[in-house]
Structure formats: C-alpha cells, structure tokens
Amino acid sequence: MTPPTPLDERRLYRVCDAMRLLSLSRSVIYELIRSGRLRSVTQGRTRLIPASAIDDYIALLEQEAQAS
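Each value, and the rule that gives it
- Residues numbered from 1 in each chain as written.
- Predicted model: local features only at pLDDT ≥ 70, side-chain atom pairs only at ≥ 80, totals over all residues.
- Heavy atoms only, no water.
- Helix = DSSP H or I, 4+ residues; strand = E, 2+ residues; numbered from the N terminus.
- Buried < 20%, exposed > 50% of the residue type's maximum accessible area, 1.4 Å probe, protein only.
- Contact = heavy atoms within 4.5 Å.
- Areas by Shrake-Rupley, 256 points an atom, 1.4 Å probe, with all protein chains shown as cover.

On a plain count of helices and strands, the chain comes out with 3 helices and 3 strands. Shown N-terminal to C-terminal, the secondary structure of the chain runs as helices and strands in the order β-α-α-β-β-α. Taken over 68 residues, the chain has a buried fraction of 22%. A sequence separation of at least 24 residues applies to 41% of the contacts in the chain between residues at least 6 apart. Here the chain displays about 5,100 Å² of accessible surface, and carbon together with sulfur accounts for 51% of that area.

Shown next, in the form of structure tokens:
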C-alpha cells in the first residue's frame, strides 16, 4: 500500500481539504463554486477542486485586494 500524498502535493482536493487549505467553511466553498469564483469537477458523486483552481482563486483575491 502506498503512503497518502501530502495535502500540498495533490492535484485534486475534496471539499473538506479545500476548506482547510483556504480556511473557509463548507458553505462558503459551495457558494464560491456556485458563483463560479472557484472551479470544481465531479467524479461520480464526488466534487473535487483542482489545485489550479485553488491557485486561481488565491490570485483573484490578490488582484481584488490590489484594486481596492
């Protein structure tokens, strides 16, 4: 059995992992997904958030902070 991949090296994150990475609640994560600010994919019934989507969301927050 292979050891689990460290959280910061994964390419796809479950919502609970994204919650920890972004320090946001589950409801906020789902609201960001609904509004299109955080991209996600589904595999079967599982909602997954690509690492690139998390990076893009952080970049968006930084852009918004600079604009104000």
